[in-house]
Amino acid sequence: MIQRIGLIGDPVAHSRSPAMQNAALMHLGIPARYELWHTPADELPARIAMLRTSECLGANVTLPHKTAVLPLLDDLEQIAARIGAVNTIYKRADGTLVGTNTDAPALLTTLREDGQFEPGGQRVVLLGASGAARAAAYALVAAHVERLVVVNRTLERAEALLADVTLSQLDPHDYQETAPLPQLIALALDDPDVPAYLADSMLLINATAVGWQADTTPLPTLTVAPGMLVYDMVYRPTRLLREAAAQGARTLDGLGMLLHQGALAFTHWTGRPAPLAVMRRALQTA
Ligand code: NAP
C-alpha cells in the first residue's frame, strides 16, 4: 500500500513541500507520497478524521488551520501547546494523532547553520505576532536572547504574544532554566521607538505575512545596525532583504527554515533521518 502524507491548508497550491518531501521519500525508497490537501475551514474535522485511516502517515498544517486544529488532535507535544500552533501531525504506534511544531527548532537550526548566527545573548527585533512569530519568539527566548522586541501592526497581539511566551513556559527537558528572562518589549509598527531598537539589535526577523509581492515590505523605514543579520521567513528574495543588503546587512531568506521544519516532520512520519541534501536540492529547483 502506498501511504499518504499531506499538507492541510487553504490555499496550498503554492507550496514547495511536495517537491521536497517526495524527493526524500523516493530517495529512501519509502512507499509513500506527499500530497496537497486543500481544506476549507468547515472541512477540517473531516480531514483530521481521514488522517486516522491506516493509509495516512501524518500531515503538515498551514494557514489558516495551525491553531484551529489543536482541539481535533489526541495529544500535543509541549512545544505546540505552548506556542499555540501545530504545523506537523504524526501518529504514534497506537494510532494516536499528535500535534507538534517544527517551525521553532527549524528557525534556530537555520540561523545557526545558514546564517551562522548564535541568538543567545543577542538583541533581536521580531516583526509579527501570528503563528510564525509565536514560534520564533518561543525559539528565541529558549535560546536565551538578551532582549526581544516584538513589533506588530496590532500592538495588542504583540503584547499577548509576550505574555504567553516567557521563560517560565519553556520545557525544562529541552532548555536550561538558569538564564535570566530576556527583556521583552512589545511595540506597534508605527511606534517612533522602532528605529532606535533596530539600530541597537543584531538580528531582525520578518515573521509577518508581508513580502510575498515583490514591492511590499513590513517596514516602510528600515534602519540596519552594523553587522546585523536580517532574516525573512518568506522564502524568496524580498524587498526587505534587498533594502537590508543595500544598507550593508547580512541577509537570509526563509528557505532554510522551510527545509529544516520539513526535515523534522519527515523524521516524525517515517522514523528515518531526513536526507537533507536531497531535500535542499529539491526545494531549490522547485
Ligand atoms: P499570518 O497568520 O498570516 O501572519 C499574520 C501576521 O502578519 C500578523 O502579525 C499581521 O499583523 C501581519 N500582517 C499582515 N498583513 C500586514 C500588513 N499589511 N502590514 C503589516 N503587518 C501585516 O501568517 P503566519 O503563519 O504567522 O506566517 C507569517 C509568514 O511566515 C508568512 O509569510 C509565512 O509564509 C511565513 N512562514 C515561513 C515559514 C518557513 O518555513 N520559511 C514557516 C512558517 C511561516 P496583525 O496582527 O496586525 O494582523
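The rules behind these values
- Residues numbered from 1 in each chain as written.
- Predicted model: local features only at pLDDT ≥ 70, side-chain atom pairs only at ≥ 80, totals over all residues.
- Heavy atoms only, no water.
- Helix = DSSP H or I, 4+ residues; strand = E, 2+ residues; numbered from the N terminus.
- Rg over C-alpha atoms; globule rule 2.2 N^0.38 Å.
- Buried < 20%, exposed > 50% of the residue type's maximum accessible area, 1.4 Å probe, protein only.
- Contact = heavy atoms within 4.5 Å.
- Areas by Shrake-Rupley, 256 points an atom, 1.4 Å probe, with all protein chains shown as cover.
- Lys, Arg positive; Asp, Glu negative; His and termini not counted.
- Charge placed at Lys NZ, Arg CZ, Asp CG, Glu CD.
- Near = heavy atom within 4 Å.
- Polar contact = N/O pair within 3.5 Å; in protein donor to acceptor, adjacent residues only side chain to side chain.
- Nonpolar A, V, L, I, M, F, W, Y, C, P; charged D, E, K, R; others polar.
- Arc of directions from axis to C-beta.
- Domains from an automatic or database assignment.
- Buried area = accessible area lost by both parts, 1.4 Å probe.
- Salt bridge = Lys/Arg side-chain N within 4 Å of Asp/Glu carboxyl O.
- Pairing = 2+ DSSP bridges.
- Axes fitted to C-alpha atoms, helices over the stretch in contact; angles between N-to-C directions.

*Asks:* I keep staring at the overall build of the chain and nothing clicks. Help me out?
*Replies:* Helix and strand counts for the chain stand at 10 helices and 12 strands. Taking 2.2 N^0.38 as the reference for a compact globule, 286 residues should give roughly 19 Å; the C-alpha atoms of the chain span a radius of gyration of 19 Å, in line with that estimate. With respect to the principal axes defined by its C-alpha atoms, the chain has extents near 60 × 40 × 35 Å. Considering the chain as a whole, with its 286 residues, one finds that 51% of them fall into the buried category. The long-range fraction of contacts in the chain, counting pairs at least 24 apart against all pairs at least 6 apart in sequence, stands at 65%. For the chain, the accessible surface area stands at approximately 12200 Å², while carbon and sulfur atoms represent 54% of it. Across the chain, the 22 positively charged side chains and the 28 negatively charged ones have centroids separated by 7 Å.

*Asks:* Hey, could you run me through the site of the ligand in this one?
*Replies:* S130, N152, T154, R157 and W212 are the nearest of the 24 residues found near the ligand. The separation between an oxygen atom of the ligand and a polar main-chain atom of L258 is 3.1 Å. A total of 930 Å² of accessible area belongs to the ligand in isolation, and the protein chains cover 81% of it. Its residues assigned to classes, the shell around the ligand comprises 13 nonpolar, 7 polar and 4 charged.

*Asks:* Looking at this structure, how should I read helix 10 (residues 276–285)?
*Replies:* The periodicity of an α-helix, 3.6 residues per turn, causes residues three or four places apart in sequence to face the same way. Within the sequence span of helix 10, burial applies to V278, M279, A282 and L283. Looking straight down helix 10, one finds that the buried residues subtend no more than 130 degrees of arc, so they occupy a single side. Turned more than 90 degrees away from the buried face of helix 10, the exposed residues are A277, R281, Q284 and T285. Tucked inside the fold, the buried residues of helix 10 contact helix 1 (17–27) and helix 9 (255–270).

*Asks:* Looking at this structure, I do not really get unusual backbone geometry. What am I missing?
*Replies:* Across the chain, the bulk of peptide bonds are trans and the bulk of non-glycine residues have phi less than zero. Here the residue pair D10 and P11 is connected by a cis peptide bond, since its omega of 10 degrees sits within 30 degrees of zero. Positionally, P11 belongs in the loop between strand 1 (3–9) and helix 1. Look at the link from L63 to P64: it is a cis peptide, with omega at 0 degrees. Even without a glycine there, the phi angle at Q116 is positive, about 45 degrees. Positive phi values are uncommon outside glycine, yet H144 reaches one of about 65 degrees.

*Asks:* It is not clear to me how helix 4 (residues 103–113) should be interpreted in this structure. Could you clarify?
*Replies:* Of the positions making up helix 4, those classed as buried are D103, A104, A106, L107, L108, T110 and L111. As for helix 4, its buried residues are in contact with helix 3 (78–83), helix 5 (131–142), strand 10 (203–206), strand 11 (229–232), strand 12 (250–252) and helix 9.

*Asks:* Explanation requested: the domain arrangement of the chain in the structure shown.
*Replies:* Put simply, an interface is often sized by how much accessible area is lost when its parts join up. The domains assigned to the chain are domain 1 (3–101 + 257–285) and domain 2 (104–253). Distance between the C-alpha centres of domain 1 and domain 2: 25 Å. Three residues, R82, I83 and M257, lead the burial of domain 1 against domain 2; their summed loss comes to 44% of the area buried on that side. Applying the counting criterion to the domain 1 and domain 2 interface returns 2 salt bridges. With a closest N to O distance of 3.7 Å, D114 and R280 form a salt bridge. Taken together, the connections running from domain 1 to domain 2 amount to 5 residue pairs in polar contact (both at pLDDT 80 or more). Among the secondary structure elements, those contributing two or more residues to the side of domain 1 that touches domain 2 are helix 3 and helix 9.

*Asks:* Is there a simple way to explain the sheet that holds strand 8 (residues 147–152) in this structure?
*Replies:* The pairing of strands in a sheet happens through backbone hydrogen bonds and is either parallel or antiparallel. Pairing is parallel across the open sheet formed by 6 strands, whose spatial order is 9-8-7-10-11-12. Among the strands making up the open sheet, the edge pair consists of strand 9 (183–188) and strand 12. Adjacent strand axes in the sheet meet at a mean angle of 15 degrees when their direction is disregarded. In terms of strand pairing, strand 11 meets strand 12 through 3 bridges, oriented parallel. Residue pairing in the sheet places L229 in a bridge with R250 of strand 12. Set on the sheet, helix 4 makes contact with strand 10, strand 11 and strand 12; between it and strand 11 the angle comes to about 140 degrees.

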